[in-house]
Amino acid sequence: MKSKSKFEAIQQHFTSIFPNIAELSANALDIGNGNIIPLANFREVGVNGFAPISELSSGMLKVLLILTDIQILPDDSVYILDEYENSLGVNAIDFLPEYWLEYAYNKQPLITSHHPYIINNIPIENWILVNRNGRSISTTVGNVLAEKY
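Notes on the structure in this doc start here. Throughout, residues of each chain are indexed from 1 in the direction in which the sequence is written. Whole-chain, interface and lining totals are the exception, using all residues; otherwise, since this is a predicted model, local features are given only for residues with pLDDT of at least 70 and side-chain atom pairs are given and counted only at 80 or more. Hydrogens and water molecules were not included; the side-chain quantities draw on all heavy atoms of the structure.

1. Some thoughts on the layout of surface pockets
A probe as big as a water molecule, rolled over the atoms, marks out the empty space that is left. The condition is simple: Grid points spaced at 1 Å and placed over the protein atoms alone form the basis of the search, with a cavity being a set where a 1.4 Å probe fits but cannot get out and a pocket an open set showing protein on both sides within 12 Å along at least five of seven lines. Lining residues have an atom within 4 Å of a point. Grid points are joined across faces, edges and corners, and a volume is the space filled by probe spheres set on the points. Each residue gets one of three labels, nonpolar for Ala, Val, Leu, Ile, Met, Phe, Trp, Tyr, Cys and Pro, charged for Asp, Glu, Lys and Arg, and polar for the others, Gly among them.
Considered as a void within the structure, the largest pocket measures approximately 1,000 Å³ in volume. Lining the largest pocket are 23 residues, and of these I111, T112, I122, N126 and W127 sit closest to its centre. Within the lining of the largest pocket, the residues separate by chemical class into 16 nonpolar, six polar and one charged. Of the pockets and cavities examined, the second largest pocket occupies roughly 330 Å³. Lining the second largest pocket are 16 residues, and of these F7, I10, A26, L64 and T68 sit closest to its centre.

2. Examining the environment of N131
Stated formally: Secondary structure elements follow DSSP: runs of H or I no shorter than four residues count as helices, runs of E no shorter than two count as strands, and numbering proceeds from the N terminus. Only protein chains enter the accessibility calculation, which uses a 1.4 Å probe. A residue is then buried if its area is under 20% of the maximum for its type, exposed if over 50%, and partly exposed in between. The contact criterion used is simple: two residues touch if any of their non-hydrogen atoms lie within 4.5 Å.
By secondary structure assignment, the location of N131 is in strand β6 (residues 128-133). Taking the relative accessible area as the measure of exposure, N131 reaches 36% and is therefore partly exposed. Ignoring anything within four residues of it in the chain, the contact list for N131 reads S136, I137 and S138.

3. Some points on the packing of helix α2 (residues 58-72) against helix α3 (residues 95-103)
Just so we agree on the cut-off: To get an axis, fit a line to the C-alpha atoms, keeping to the stretch in contact for a helix; angles then go from 0 to 180 degrees between the N-to-C directions. Angle categories: roughly parallel below 35 degrees, roughly antiparallel above 145, roughly perpendicular from 65 to 115, and oblique for all the rest. Handedness of each helix crossing follows the sense of rotation of the near helix against the far helix: counterclockwise by less than a right angle gives left-handed, clockwise gives right-handed.
Closest axis-to-axis distance for the α2/α3 pair is 10 Å, and the angle between their directions is 15°. Classified by the angle their axes make, α2 and α3 are roughly parallel. For α2 against α3, the interelement crossing comes out right-handed. Between α2, through V63, I66, L67, I70 and Q71, and α3, the contact on the second element is made entirely by F95, L96, Y99, W100 and Y103.

4. Some remarks on unusual backbone geometry
It is generally the case that most residues other than glycine have a negative phi and that most peptide bonds are trans. In this structure, N33 takes a positive phi of about 55° despite not being glycine. Locating N33 in the fold gives a position in the loop between β1 (21-32) and β2 (35-44). The backbone phi angle of E83 is positive, close to 50°, even though this residue is not glycine. Residue position: E83 is located in the loop between β4 (78-81) and α3.

What follows is the structure in structure tokens.
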């Protein structure tokens, strides 16, 4: 059952990033006439019962969405993440490179960032530097930058 293993991978990574989360739950509510509403919940460590994912912080929700996107993105797709680091705390900012290498090696990321951690952990050869001066936009590819530095 491939989808179950994807969910288990998402849950394992999410709970390793946020150890206060004990468990994720995904269900579907059949409201009739062929209409199904997906339901996602989480349970915190030491708390009985589940809460809806809408009660997660914005950073936690962003991580969960990225983990899920990468799992369900078809092979040979491009995944665009603008300002990846926004709303992520220090415990969550570094999960993506390892996760990407493990689960999305056959997908192409396009990530924008101003954060030093992200920039310094991506080889300069993989960069595309975009500059804007008024209405004029120019780009410089990473191997040209590597020659300069």
